[in-house]
Structures are given as C-alpha cells and as structure tokens.
Amino acid sequence: MYTLDKFKKFVSFLLEYDTSLVLSPINGELWVVKALFVEHYRDEKTTIPYLETMSDFLDFLQQFNGISGNSLKFSHDLHNFDFQLPNLNFPKLVWINIGGLLLLQHRFEGGSPFPKLSTNKPKQDLFELLERPKINMKQLYSHEILLERNFGIQPGLLDALIRRPTARTVLSKQRAQVKTKKIPFFTVCNDSNHNHILASVGLNKKEYGQYGDNSFDKQTIPESIVHQRIANSKGMLSEEIYKCSFEKIHFLPIINNHTDLNLGDCSYLDTCHKMKTCRYLHYFTLNPNSKPKGGSEPEEYSEYTIGDCFSESFREILAPQWINCDIRYLPFSILGKFAAIISDPAWDIHMSLPYGTCKDDELLSLPMSELQDEGIIMLWVTGRSIEIGRRALLKWGYRISDEMIWVKLNQLKRTIVTGRTGHWLNHSKEHLLVGLKGNPIWLNRKIDTDVVVSGTRETSRKPDEFYDIVERLVGVHSRKLEIFGRDHNTRPGWLTIGNQLQGVSLCEPEVKRKYESYIQSTNKSN
Amino acid sequence: MYTYNKFGSRNSSSSNSNSTKSSTLQSVQSNHRIEKSSGKNTTQVELDYCNNYVHSGIPSTKYIRNVSNPVEGYPKLAKLHQLKRQQIKKHALKPYGYRVSTDRIVPTLNKWIEVYGLKFDVIMIGALIENQFILPILNSIPIYKLCSKPGFLFIWSTTQKIQELTKLLNNDNFNKKFRRSEELIFLPIDRNSPYYPGDYGSGDLESLPLFERQQWHCWMCITGTVRRSTDNHLIHCNVDTDLQIETPTSKKNANAVPEAIYRVAENFSNSNRRLHLIPSKLGYDTPIKLRPGWVIMGPDVLINNFDPVTYNEELYSKSMIKYKQTGTGGQASGGYNNVTTQFLVPQTTEIEDLRPKSPTIPAK
Ligand SMILES: [Zn+2]
Ligand SMILES: [Zn+2]
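Within each chain, residue numbers correspond to sequence positions counted from 1 in written order. Each chain gets a letter, beginning with A, and each ligand a number, beginning with 1, in the order they are written. Per-residue local features are limited, in this predicted model, to residues with pLDDT of at least 70; the limit for side-chain atom pairs, both in listing and counting, is 80 or more; totals at the level of whole chains, interfaces and linings are taken over all residues. With hydrogens and water stripped out, all remaining heavy atoms of the structure feed into the side-chain values.

Take the coordination of the zinc ion (ligand 1) next. Residues and elements named next belong to chain A. Every protein donor of the zinc ion (ligand 1) is accounted for by Cys 189 (SG), His 194 (ND1), Cys 244 (SG) and His 250 (NE2), and the metal-donor separations fall at 2.0 to 2.3 Å. Coordination geometry of the zinc ion (ligand 1): the four donor atoms subtend angles of 101 to 129° at the metal centre, consistent with an arrangement described as tetrahedral. Because no water is among the atoms considered, metal sites can look incomplete, with donors defined as N, O and S atoms within 2.8 Å of the metal, or 3.2 Å for Na, K and Ca. Every donor residue of the zinc ion (ligand 1) comes from the same chain, spaced as C-x4-H-x49-C-x5-H. Placement of Cys 189 in the loop between α8 (167–179) and α9 (192–202) and of His 250 in strand β3 (residues 250–254) is noted, with a sequence separation of 61 residues between them. Just as Cys 189 is buried, His 250 falls in that class too. Here a site with four donors is tetrahedral if all angles are between 85 and 135 degrees, and a site with four or six donors is square planar or octahedral if opposite donors are over 155 degrees apart and the other angles are between 65 and 115; anything else gets the irregular label. Secondary structure elements are defined from DSSP: runs of H or I of at least 4 residues count as helices, runs of E of at least 2 residues count as strands, and each element is numbered from the N terminus. Partly exposed describes any residue whose relative accessible area lies between the buried limit of under 20% and the exposed limit of over 50%, with all areas from a 1.4 Å probe on protein chains only and scaled to the type maximum.

Below is the structure:
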C-alpha cells in the first residue's frame, strides 16, 4: 500500500511531463517512465524506495488507476501481465487523461469533489456560442471579389441592378397612374372606442327602435340617418371622434336584445340571413360622408406607345356585347381574335360520373386556340381544378406565366377564417391562372401585383378589379372576351359569352354579321 | 375579307362612334365600382385596393385588418388555437437539428429508414428562398418509405417552379401516392420584408412575369387514407386557413420558414413525428431556427444534436401510442405483423368541443 502522499508526487510528475510521456522518444515505455519518475525526485533526496522493481511499479500504477478513475491507459491490461517472462509486448502507456489528473490534484489540495459554478456569471445566449458570420474576414476568392477586382463592380451592385425595375416598368407604371381614374379610397378606423361611441349615439339608443325592438333590422338604416344622429349628438362627442366619423370608415357594433357579446362576431357578418335572431355580433358600416380629396379625373393625354391603338386618345370604348349561347357549340371563329380572355368555368368537381361526358373534358376540348394569336388568358380555378386548369392552359397553347390570388375580405376588411370554407383547411383566397401566348411586346407588365385583395359579393362572383387589371395590361381598346360570363359580367369593351346571359347584344358589325349568318345556317339545318 | 386584330376591324370602330350604346372611358370607369348593396337603400363604397396601389404604391395586404391577429373577433377559434398550441407544446419532442451537406441528405435518410426504421408523419421540404435544390432531392429521396401512412407533405415553391414541381409530383417516385390537397400561400407584408420574393425571371422577355410577385406557394399533399369526419385523432380540419400573411412584428428574426406555416402543419396533423428538410444553403440572412417537435435537416442547420436512438426513446415517452391494424397485403408501412404504430399528440375534450366539425352540427 502506498500513501496518498506518494501518489501526489506522481500526479505532479505526470502533469509536468504531460503527453510527452506517450510521444517519441519515450513512447510510453514503462521502464522509461519509471526511471524518469525516480530521477525526477532524486534531488529531493527522497529516494523512492517503494519502487524497487518493475513489478512494484506495475502494482503502483494499478493502484493509481484505481484512485484516479483510470486516468492512464495502457496498450494492454497490467493485471494479467507476467513481466518475468521474456516478452516483447511489454505494456505501454498510450494515453493520459489530463483532465482527470487535474481533478485528482484539485482534490489532493483539499478541493471539493464538485467544482462550483460561479453564480454571478450571466447566462450566455446560445447564439453567442455559435460561430459568427465572418463579415470582417476577406475571402480569398468569390465571384464578388473577382468582379470587384477585375471589373470594378462593387459587391451587391449586380444584385441591385437585377432587382431594379426597368425603365420600361417605371414608365408604364407612371403611365398607368395618369390613365387610371383615381377612385376615392378611405381607410378604416381601428379605434374601438370610436366605433363603440358612434354606435351608441348613432345606432343603439333605445328611442331609435321604431316598431318595437326585434322586428326592426338596424342593418337597413340609411347611412345618412346615422350620420344625422351623430351630428345631432355632436355636443356629446369629442371633436376627434366627430371629425373621424366623416373621414374614415367605422364598423359600428349592432347591439340587439338577443346579441350575446361573448360569442364574438358572426361568421357571415353583413350577409347573415338570420340577422333578427342571430346571437352573434353584426356590424353597421358607416362610410365617411365627406367627399375625399384627390378623386381626380384622369388627365387628358395624347401620346402613342407601342401596342396602343392609333386613335387611343379620342376613340370611344365599345359598348358591352354579349351572346347567350351554349359555349360547346358556338363556332369560335365568328368571334375574331382577342388580346385578353377571362374565364370562370363552373368546374365539375365530381369527377366520377358514370357516363362519359365530363365537363372537364369538354372544357379541355374547346377550340380555344382559335381565339388568340397572341395575348393573355385568365382562368379561375378551385381546389382540384387547379391541376386541370394548368393542364388545360398548356393544351390550349399557353405557357403559365403567373398565378394570381384573390384574397377574400369580409365586411370588416378581414380575411375569412371561419365557416369551414374548404375541405382540409379553410379557404381565404381563390386562384387565377394566367396564361400567355405568343410574344406580345405590347403588354404593360408589372403594373399590378399578383395578389388582389377584395371583398366578397354574391356566391362565386369575382371582383371587378380583375377587369381593370386586364385593361391596364392589354389596353382599354383591345378586344377582350369573357367565357362563361353572366349578366353582371357584361362590361364596356368586353364581349361576354355564356348560357346564363339575357339574349344577344352585338355592336361590332363583323361579329354581328357572322353571328347572324351562323344563326341562319343552324335554323336552316334544323 | 379582313382579319380581326386586337382592336377589332376598322369597320367596327367606325360603326362604334355612331352607336348610341357607346360610352366614354370616364363614365365607364366611374360607374362600375359603385355597388348597390342588397337590401339597403344606400350605395356602399367598395374599397378598391388595386386602384389605390396604382396611385400610391402601397400593397393591398397592408390594409387587411386581421394580419396581426387572424382570429380577431372569434373567441372560440382563438381559444382553440391557444389550447392546441399548449397541447402540441406539451407533447413536442425537443428541437432537433441535423447538419448534413446537400449530397449526403439522401444517403442519410436511407440510413435512417433502413437502420433505425425512422418514419415521419409530417414532412416539410424547402424554405423561402429562390433557388433551392428541391427538385433533385425530391426526385431521389425514398419519400414513400420516409413518410408514414397517412402522412402529410408540405413543399415550398416559387411561382416559377410550380410547373416543374407539378411534373415531378406526377412521376413514379410519387406515383400519385401523394394527393395534392391544399395550396397554401404565404404573403410577405411588403417590399421591405425579408420574405419578399425577387422576381428575376430568367432574363428573357418570355419568362418575365406579368405581375409583381408577392407570393410563396406551399403545397400540402396527403398520402394514405384519412377521413375528416372520423379520423379526428389524426387530423383536425378547418382550424387554419390556406392563406398566411407575415405578421409585421418580428422582422429581425426572419426564419427560413415562417412560424405560421409550421403551426398550420402542427394544427392539422395530430401526429408527433415531424421532419423539415432544407436541402440547400440559405445564407446568413435567413437562419434556420430549430423548433420543438421538429427534426430540421440541411447544410445550414446550426445545431447538430439529432441522434435516431435518442429520438425514438423520446418519441415513445412524449407521444400517445396507438397501434393500428393495417389492411391486407402487408405492404409498406406496417412491418411484418401488419401493425402500424402511431405517435400522436393526445387531444383534450375541450379541444374536441371547440374544433370545427363535419356537417353534423351546423357551422358557426
Ligand atoms: Zn374613428
Ligand atoms: Zn349572424
């Protein structure tokens, strides 16, 4: 048995020599290690009598490993080694656990078994530990460095150049601004205080209930009356709220006897059919009653740009035209060519029809290629038909250039998030595929964005904003066609076809003539 | 015989000026926007955000009033979102990252599948960057082995890449096993957003977009059979919508994928094994933030702490385990005894009461 004191010496010896013991020229040879250890303490005149023989030393090492948690690793086990026999494979020291030895030394010096963490040190953010982006370090080679060194192009310049809108885009944006009549635009007041106070003076007072409470729908009160009531109560309102009432849109909560405020808003809001019994909250839209500034007429202009009509500045827009017909049988050749087509087909979602006629197939087989030499087509699609729509456009000879969405807003100008509007997720938007045919250089690209935000109207009725967008894209005088349109889709400058329209109205003589002769020929054959 | 051009024939324009029906540009544009709202004796002014954009350059998304809190006004739905979030958090595995170079992704996944038998119920692929190597990766990963059945894929795409992806999803690897089920859209709030897509096109006029691009597409695909009416332990439908808009609050911490879309996936699938594969480098501007409940894999993942064995152990301790007898044939997922193990986020009765259900109860 050896005393701790003896091991102390060995620990400091090991820490002093460190890994050099396992490296060349010592190579962890145990007899060298023993000799070095004895030599190391020779000066102190404390000979190390306990390490007489090699066998003593091996014994010493094993005990040492016992207390140091096996801090020393040998090439083979010391236990079963018979050093008496001539053996070339004498065990060697191969690894020293310096950390373990340091801990051991710490304990010899009276340290506690567990190192204490300093408590005042603030916790480090994990991100601090991660490598920082090497901003200051110059790379030896990169495209940017090459460009800068050889061509004098600053980093980021190319990217900025690519991202910068082209002069053409900038100019067509400016032109669109001049040519588009500015429509009055109001913002919505988000101050709930305003809305509640205006509602209480303009809508929810007891004396306003005309014919007893519930039979009377507050939603139908004319706005002018509400504004009048607010004006009458002017004295009770702060200047700020009164002024705001004719500058911004307010949504006044309608409080009826049956309204339960804890339930929150009605999913259907102003389109709710059970307004008189529905316990959810509904709102009255109070539009500002002042004329907004800036709703100016478009400026008179007289300029010609590539793709414009020669008589652009004084030409009048064609009256709305429409043909009630079964689209499957109408010969498209009588309609002529169009710069833009919009179509909102009633997609047949139930694919598994037992009989062969599938509306999707019929739609795909329409001779759409006859309608355009070059131009754009916009196709409304939903759910499963997105895929069919993409296929259809390719089949008709278009490339899919853009995919637009219509973000549907409710009365409160919020997206629609309730009411199980889709199969897996709720649907807050609809998709519109945009196909491009030929190489129409006359398009005014990038004036609008591919996201259109607009309120919902009757079921499946799409926003009119898309007509304006098309007109800005192809020009107001270009011929434009809507397929599967209804009465509310007829519009100046557009020809609408579909089987839900009232009769026929045509003013382009050539279309008129060809349509009449087509009708005559079908009558004859019947 | 003359041909039509895009303005119509000369003949038609001359007759037009005689036509009594014709109207001038001014009257056309001013009339159509004022809508008579039904049942009211007032005319309602509809806000025209497109017109406003042309004149002011302010994108219409700026005016949507529930961007910062999409469920505003719906306390029941807000409560449901809150409860689901708590429940998902409670059972989420710790955030795991696995850093691997792009070319090692497929071999690594193969090893996970073959050696450790790993499968995932929700697999998201890609991030909000223009050029990601999604196509080659998708083409070569053993997705049908990696994805459990039923399982859900979320694949990110730019508008340009949609058609290539469409082609791919119809190829043999997918073999129409994955049904395209929803098309999610993520919108950045404005041009200054780190998520704003650049629309370079590829330089030539033909591929130039017609419109300024603002959207990111994320396709949700489903494999296997799930029924929205009966499989409420597996999925909860109609909790979220297919449109997510960037909340303007945390601009500095742009993540590779917006939190909103992770949440859509978590709210929809009640399964606990979620993998997010980001095949390409993203750069310093869009760091990948690890997320509890997800294994995120890719060359730019900062923390590398994933180990299949630990993961499996944690999975058993954190999930509600359900054994499901799979159908005849014994092909694919079930293993030799035709039993599939489902690792689920257990649901509470409160969540069950609040969640939107199939038509038995009228919607509100
Ligand atoms: Zn106000
Ligand atoms: Zn209601």
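A few words on the domain arrangement of chain A. Frequently, the measure chosen for interface size is the accessible area that the parts lose on association. Residues and elements named next belong to chain A. A domain assignment, automatic or from a database, supplies the domain bounds used here. In terms of domain boundaries, chain A breaks down into domain 1 (4–108), domain 2 (187–286) and domain 3 (321–525). A separation of 39 Å is found between the C-alpha centroids of domain 2 and domain 3. A contact between two residues is defined here by any heavy atoms of the two lying within 4.5 Å. Counting residues at the interface gives ten residues for domain 2, matched by seven residues for domain 3. When two parts are put together, the accessible area they lose, computed with a 1.4 Å probe and summed over both, is reported as buried area. Counting the surface lost from both domain 2 and domain 3, the interface buries some 690 Å², and carbon and sulfur atoms represent 58% of this. Area buried by domain 2 at its contact with domain 3 is led by Phe 251, Ser 267 and Leu 269, which between them contribute 55% of it. One side-chain nitrogen of Lys or Arg within 4 Å of one carboxyl oxygen of Asp or Glu is enough to make a salt bridge. Linking domain 2 with domain 3 are one salt bridge. With its nearest N and O atoms 3.3 Å apart, the salt bridge here joins Asp 265 to Arg 414. Distance and chemistry together define a polar contact, namely a pair of N or O atoms within 3.5 Å, with one atom able to donate a hydrogen and the other to accept it when in protein, and with adjacent residues in sequence counting only for side-chain atoms on both sides. At the surface where domain 2 touches domain 3, the tally comes to five residue pairs in polar contact (both at pLDDT 80 or more). Element by element, the count of residues in the side of domain 2 that touches domain 3 is highest for strand β4 (residues 282–286), at three residues. Of the residues belonging to the side of domain 2 that touches domain 3, the class tally is five nonpolar, three polar and two charged. Here the nonpolar group is Ala, Val, Leu, Ile, Met, Phe, Trp, Tyr, Cys and Pro; Asp, Glu, Lys and Arg are the charged ones; every other residue, Gly included, is treated as polar.

Surrounding the zinc ion (ligand 2) are the protein donor atoms A:Cys266 (SG), A:Cys272 (SG), A:Cys278 (SG) and A:His282 (NE2), which sit 2.2 to 2.4 Å from the metal. Note that the zinc ion (ligand 2) binds four donor atoms; their angles at the metal cover 98 to 118°, and the shape is tetrahedral.

As a further point, take the confidence of the model for chain A. Per residue, pLDDT captures the predictor's confidence, and it can take any value from 0 to 100. Of the residues in chain A, 85% reach a pLDDT of 70 or more, and the chain-wide mean stands at 84. Note on residues 351–357 of chain A: pLDDT is under 50 here. Beyond four places in sequence and across chains, it has five contacts.

In this model, A:Ser24 is joined to A:Pro25 through a cis peptide bond whose omega is 5°. Take A:Pro25: it is sitting in the loop between α1 (4–17) and α2 (30–40). The amide bond that connects B:Lys149 to the next residue, B:Pro150, takes the cis arrangement and shows omega of 0°. Here B:Pro150 lies in strand β5 (residues 147–157). One non-glycine residue with positive phi stands out, namely A:Asn27, at about 55°. Of note, A:Asn27 is situated in the loop between α1 and α2. Take A:Asn27: its relative accessible area is 35%, and that puts it in the partly exposed class.

The next point concerns the sheet that holds strand β9 (residues 274–277) of chain B. All names here are of chain B. The strand order β3-β10-β9-β4-β5-β7-β6-β8 describes an open sheet built from eight strands, whose pairing is mixed. Unpaired on one side and paired on the other, β3 (96–99) and β8 (243–245) mark the two borders of the sheet. Pairwise comparison of adjacent strand axes, ignoring direction, gives a mean angle of 20° for this sheet. Strand pairing is assigned whenever DSSP identifies at least 2 bridges connecting the two strands. Here four bridges tie strand β4 (residues 120–125) to β9, and the two strands are oriented parallel to one another. Bridge pairing in β9 places Ile 125 opposite Leu 277. In this description, a line fitted to the C-alpha atoms serves as the axis of each element, helices being fitted only across the stretch in contact, and the angle between N-to-C directions of two axes falls anywhere from 0 to 180 degrees. Along the sheet, helix α8 (residues 162–169) contacts β5, β6 (178–187) and β7 (216–223); its crossing angle with β7, the most-contacted strand, is approximately 10°.

Residues and elements named next belong to chain A. Reading across from one edge, β10-β8-β9-β7-β6-β11-β12-β5-β13 is the order of the nine strands in this open sheet, with mixed pairing throughout. Edge positions in the sheet fall to β10 (451–455) and β13 (504–505), since each has one partner strand and no second. For strand β7 (residues 375–381) and strand β9 (residues 429–437), the ladder comprises seven bridges, and the chain directions are antiparallel. Bridging across to β9, Ile 377 finds its partner in Gly 435.

A word on the state of the cysteines. Residues and elements named next belong to chain B. The term disulfide is used for any two cysteine sulfur atoms that are within 2.5 Å. A full pass over the atoms with the stated rule returns zero disulfides over all chains. Cys 221 provides the cysteine sulfur closest to Cys 218, a residue in no disulfide bond, and the two sulfurs are 9.0 Å apart. Given the relative accessible area of 0%, Cys 218 is considered buried.

Residue and element names in this part refer to chain A. Structurally, Arg 229 can be placed in helix α10 (residues 223–232). Put simply, Arg 229 and Glu 374 are 145 residues apart on the chain and 57 Å apart in space, counted from C-alpha to C-alpha. Setting aside residues up to four positions removed in sequence, Arg 229 forms contacts with Val 201, Gly 202, Leu 203, Tyr 208 and Ile 221.

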